[in-house]
Amino acid sequence: MADLDLLTHSLARNVKRWRTERGFTLDTLAARAGVSRGMLIQIEQARTNPSLGTVVKIGDALGVSITTLLDYEQGPRVRIVPAEQAVRLWHTDTGSYNRLLAGTEAPGPLELWDWRLMPGESSSSDPHPVGTVELLHVTTGELTLTVDGVEYRVSAGASASFEAGAPHTYGNTGAEPMEMVLAVSVPPVR
């Protein structure tokens, strides 16, 4: 099975599993995630490849990480993710990308990301659930981090953390590629 087909079927199985486990109807999940009922049906039937934003909204509404939604195997307590299995969820033709390196539930979703932004590019995120925290470390270049309309510069070697319940944007206004490692911790659904 091709990677995209594998991810589509894993997403279908896991969305339905977690929706059922949470006791959510399609309508309930649609309302919580801000996604149409029709889109959820297509996802659960593996008939569509939704955008990263849609997958994030569904994960947030279910209180599980993107890793959990895309996981195609249940492993032991120690899980090694080989480099070739890191999931690239977003990229541009000029070379910007993010890769989900690993994730777990502890006690809510906890994700580890690898990001690369080429000069002049940016990626915006809607607010995550209240209590979500992001922790990042820039390894190359300079990150222009905008949180709730306020811009911050994070140079190579520096780290930052912030509450991600507000709109935020990762940007590269510099002349060289920016690379960072990012951890996202989402509180469990109550």
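The preceding data block contains the structure.
Residues numbered from 1 in each chain as written. Predicted model: local features only at pLDDT ≥ 70, side-chain atom pairs only at ≥ 80, totals over all residues. Heavy atoms only, no water.

Participant: Teacher, can you tell me more about the nonpolar core here?
Facilitator: Buried together is how nonpolar side chains tend to be arranged in soluble globular proteins. Ranked by internal contacts, the top residues of the largest apolar core, which has 41 residues, are I58, L69, L136, L143 and Y170. When near neighbours in sequence (up to four residues on either side) are disregarded, I58 contacts V15, L29, A33, V35, L40, I43 and L69. (Core = buried A, V, L, I, M, F, W, Y, C linked by side-chain atoms within 4.5 Å. Buried < 20%, exposed > 50% of the residue type's maximum accessible area, 1.4 Å probe, protein only. Contact = heavy atoms within 4.5 Å.)

Participant: Sorry if this is basic, but what is going on with the packing of helix α2 (residues 26-33) against helix α3 (residues 37-44) here?
Facilitator: A packed helix pair is summarised by two numbers, namely the angle formed by the two axes and the spacing between the axes. Look at α2 against α3: their axes get within 9 Å of each other, and the N-to-C directions meet at 110°. The angle between the axes of α2 and α3 places the two elements in the roughly perpendicular class. Relative to α3, α2 is oriented so that their crossing is right-handed. Where α2 approaches α3, its residues L26, D27, L29 and A30 are matched on the opposing element by R37, L40, I41 and E44. (Axes fitted to C-alpha atoms, helices over the stretch in contact; angles between N-to-C directions. Helix = DSSP H or I, 4+ residues; strand = E, 2+ residues; numbered from the N terminus. Parallel < 35°, antiparallel > 145°, perpendicular 65-115°, else oblique. Left-handed = near helix turned anticlockwise from the far one by under 90°.)

Participant: Explain the packing of α2 against helix α4 (residues 52-62) to me, please; I cannot follow it from the model alone.
Facilitator: Closest axis-to-axis distance for the α2/α4 pair is 8 Å, and the angle between their directions is 110°. The orientation of α2 relative to α4 falls into the category roughly perpendicular. Helix-helix and strand crossings are classified by hand; for α2 and α4 the assignment is right-handed. Residue-level inspection shows L29, R32 and A33 of α2 in contact with α4, the latter providing K57, I58, A61 and L62. For the contact of α2 with α4, the residue count by class is five nonpolar, no polar and two charged. (Nonpolar A, V, L, I, M, F, W, Y, C, P; charged D, E, K, R; others polar.)

Participant: Is there a simple way to think about the side chain of S123 in this case?
Facilitator: Mapped onto the elements of the fold, S123 is located in strand β4 (residues 122-125). Aside from chain neighbours lying at most four places away, what touches S123 is W90, W115, H168, T169 and Y170.

Participant: In this structure, what is going on with unusual backbone geometry? I would like to understand it.
Facilitator: The general pattern is negative phi for most residues beyond glycine and trans for most peptide bonds. Residues other than glycine seldom take positive phi values, yet A46 does so here, at roughly 55°. With a phi angle near 55°, D148 is a residue other than glycine that sits in the positive phi range. With respect to the helices and strands, D148 occurs in the loop between β6 (142-147) and β7 (150-155).

Participant: Mind showing me how you'd approach the sheet that holds β6 here?
Facilitator: Strand pairing within a sheet occurs via backbone hydrogen bonds; the two strands may be parallel or antiparallel. A sheet is described by the order of its strands in space; here four strands give the open sequence β4-β9-β6-β7, paired in antiparallel fashion. A single partner strand is all that each edge strand has here, and the edge strands are β4 and β7. Neighbour to neighbour, the strand axes of the sheet diverge by 15° on average, direction disregarded. Pairing of β6 with β7, which is carried by six bridges, proceeds in the antiparallel orientation. (Pairing = 2+ DSSP bridges.)

Participant: Can you walk me through the layout of surface pockets in this structure?
Facilitator: Of the pockets and cavities examined, the largest pocket occupies roughly 540 Å³. As for the largest pocket, its lining consists of 30 residues, of which L52, G53, V56, S125 and H128 are closest to the centre. Of all the secondary structure elements, the ones that give two or more residues to the lining of the largest pocket are α2, α4, β3 (109-117), β4, β9 (168-171) and β10 (178-185). Tallied by class, residues from the lining of the largest pocket come to 15 nonpolar, nine polar and six charged. (1 Å grid on protein atoms, 1.4 Å probe; cavity = no way out; pocket = protein on both sides within 12 Å on 5 of 7 lines; lining within 4 Å. Points joined across faces, edges and corners; volume = space filled by probe spheres on them.)

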